[in-house]
Amino acid sequence: MTRVRTAAVGCVLTLALGSPLAAQRRVASLDAQQGRTENPYTSAEDVAAGQTAFRSRCASCHGFDGMGNRGPDLTRDVFRHGSSDRALFLNILNGIAGTGMPSVRLSDKEMWQIVAYVRSLRRQGGPVDGDPVAGRQVYDRAACVRCHWIDGEGGRLGPDLTSVGWRRSARHLRASILDPDDDIDADYRQVTVRPRGGGATRGILLNEDAFSIQLLDSLERLRSFPKTDLDGIERGTASLMPSFEGRINAADVTNLVAYLASLKGE
Ligand code: HEC
Ligand code: HEC
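Residues numbered from 1 in each chain as written. Chains lettered and ligands numbered in written order. Predicted model: local features only at pLDDT ≥ 70, side-chain atom pairs only at ≥ 80, totals over all residues. Heavy atoms only, no water.

Draft legend 1. The arrangement of the overall build of the chain in detail. The helix and strand tally for the chain stands at 11 helices and 7 strands. Residues counted as buried form 38% of the 266 residues belonging to the chain. Considering only contacts in the chain between residues 6 or more positions apart, those separated by 24 or more positions represent 62%. Carbon and sulfur atoms form 53% of the exposed surface of the chain, whose accessible area is close to 14,500 Å². (Helix = DSSP H or I, 4+ residues; strand = E, 2+ residues; numbered from the N terminus. Buried < 20%, exposed > 50% of the residue type's maximum accessible area, 1.4 Å probe, protein only. Contact = heavy atoms within 4.5 Å. Areas by Shrake-Rupley, 256 points an atom, 1.4 Å probe, with all protein chains shown as cover.)

As structure tokens, then:
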């Protein structure tokens, strides 16, 4: 199953990253080419300009205040993909392959100003509330393992959570548990196919072309259907993940978020 998904994702990535345009972009920055490591733009005015640019270019994913949303909290001062000014600069310039972090191509000056702003955010976030150990028990009780993979164990219907503490903010983790329909991961689109003979199969869309559609059904079986055999295909706007609002009490949700935020494996 995983191999099928990885192949599909890999194909999309090659298309997105292997294009000559992407290659051109990667060398378009003089500071990147010359290996500049120090931020030349760190005055209060630079930080203010960086904040303005951040709010228009980055806030949709990293939050208005940098504390994260679908993208990670950037106030932690420790970054998975490199914590130096140069690493931040290159991650903005090139994006981070294989993740939801796009290349945001701006002038070198604007990118350095954003780096200065991100730096100014350090430790404003503070620690995540809640008890991760108690949160793990909530995870077990709620049977999240049925659909999610952590450290070598679990189901494949939902995303691998092994490194979710790096990838996502506490805010996004909480929203994912309470309101999964709000922000559905593009790799986990739900579909229902209705074969001509009757019945229906629901699952996660893996692949589709003009003639056939493949999905992963609720038992994690790969199912393939020729389109000519189908009465219809319904594309769900809801997540396959149920909402746990009201099913897990407030304190336990906080503990669960603390547990997920602590997951920083590779
Ligand atoms: C479309 C959503 C999106 C936009 C827009 C976006 N990012 Fe990201 N960014 C992400 C995601 C998702 C990640 C997590 C990558 C991963 O899986 O580790 C990320 C990662 C990062 C990282 C690395 C964090 C780490 O721990 O190493 C930095 C730094 C960053 N983004 C800065 C920015 C800045 C600055 C901007 C605006 C110029 C920006 N991002 C725009 C989604 C986005
Ligand atoms: C029936 C399967 C299923 C169950 C049970 C389930 N999930 Fe999910 N989960 C999914 C799917 C599918 C997605 C991706 C679609 C989406 O974003 O809603 C998802 C997304 C998530 C995300 C977002 C991951 C990311 O990278 O943004 C988190 C966090 C999460 N689930 C946590 C949990 C927790 C905690 C539990 C138990 C309380 C749980 N899930 C139970 C299927 C499930």
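Draft legend 2. Structural view of the environment of G95. Within the secondary structure layout, G95 lies in the loop between α6 (85-94) and α7 (108-120). Excluding residues that lie within four positions of it along the chain, G95 makes contacts with L90, M101, P102 and S103.

Draft legend 3. Representation of the site of ligand 2 in the model. In the vicinity of ligand 2 there are 25 residues, among which C144, C147, H148, S239 and M241 approach most closely. A distance of 2.8 Å separates an oxygen atom of ligand 2 from a polar atom in the side chain of H172. D185 is positioned with one of its backbone polar atoms (N or O) 3.2 Å from an oxygen atom of ligand 2. Of all the secondary structure elements, the ones that give two or more residues to the shell around ligand 2 are α10 (170-178) and α11 (250-261). Among the elements that make up the shell around ligand 2, the one with the highest residue count is α10 (3 residues). Here the shell around ligand 2 is composed, by residue class, of 15 nonpolar, 5 polar and 5 charged. (Near = heavy atom within 4 Å. Polar contact = N/O pair within 3.5 Å; in protein donor to acceptor, adjacent residues only side chain to side chain. Nonpolar A, V, L, I, M, F, W, Y, C, P; charged D, E, K, R; others polar.)

Draft legend 4. Region of interest: the site of ligand 1. Taken together, the neighbourhood of ligand 1 is formed by 21 residues, with C58, C61, H62, H81 and M101 sitting nearest. Take H62: an N or O atom from its side chain is 2.8 Å from a nitrogen atom of ligand 1. Contact distances for ligand 1 include 2.8 Å between an oxygen atom and a side-chain N or O atom of R80. Elements supplying a minimum of two residues to the shell around ligand 1: α5 (59-62) and α6. Taken together, the residues of the shell around ligand 1 break down into 12 nonpolar, 5 polar and 4 charged.

Draft legend 5. Quick look at the coordination of the iron atom of ligand 2. In this structure, H148 (NE2) and M241 (SD) serve as the protein donors to the iron atom of ligand 2, at separations of 2.0 to 2.1 Å. Classification of the site at the iron atom of ligand 2 as octahedral follows from its 6 donor atoms and the range of 86 to 178° in their angles at the metal. Highlighted residues: H148 in the loop between α8 (132-141) and β1 (149-150) and M241 in the loop between β7 (230-235) and α11, separated in sequence by 93 residues. What makes M241 partly exposed here is its relative accessible area of 27%. (Donors = N, O, S within 2.8 Å, 3.2 Å for Na, K, Ca; no water. Tetrahedral: all angles 85-135°; square planar, octahedral: opposite > 155°, others 65-115°.)

Draft legend 6. Quick peek at the sheet that holds strand β6 (residues 222-226). Reading across from one edge, β6-β5-β4-β3-β7 is the order of the 5 strands in this open sheet, with antiparallel pairing throughout. For this open sheet the edge positions go to β6 and β7, each flanked by a neighbour on one side alone. With direction set aside, neighbouring strand axes in the sheet form an average angle of 40°. (Pairing = 2+ DSSP bridges. Axes fitted to C-alpha atoms, helices over the stretch in contact; angles between N-to-C directions.)

Draft legend 7. Just the packing of α8 against α11, in detail. α11 packs onto α8 with a crossing angle of 105° between their chain directions and a minimal axis gap of 7 Å. When the interaxial angle is binned, α8 and α11 end up roughly perpendicular. From α8, P132, A134, G135, R136, V138, Y139 and R141 reach across to α11, where they touch D252, N255, L256, A258 and Y259. Broken down by class, the residue content of the contact of α8 with α11 amounts to 7 nonpolar, 2 polar and 3 charged. (Parallel < 35°, antiparallel > 145°, perpendicular 65-115°, else oblique.)

Draft legend 8. Representation of α11 within the structure. Taking 1.5 Å per residue as the helical rise, α11 with its 12 residues ought to reach 16 Å, and the 17 Å between its terminal C-alpha atoms agrees with that figure. Buried residues dominate α11, accounting for 10 of its 12 residues. Here α11 has its buried residues at D252, V253, T254, N255, L256, V257, A258, Y259, L260 and A261. On the buried face of α11, the contacting elements are α8, β1, α9 (164-167) and α10. At the N-terminal end of α11, a side-chain oxygen is found 3.2 Å from the backbone nitrogen of A251, two or three residues along, and the residue is N249. (Expected span 1.5 Å × (residues − 1).)

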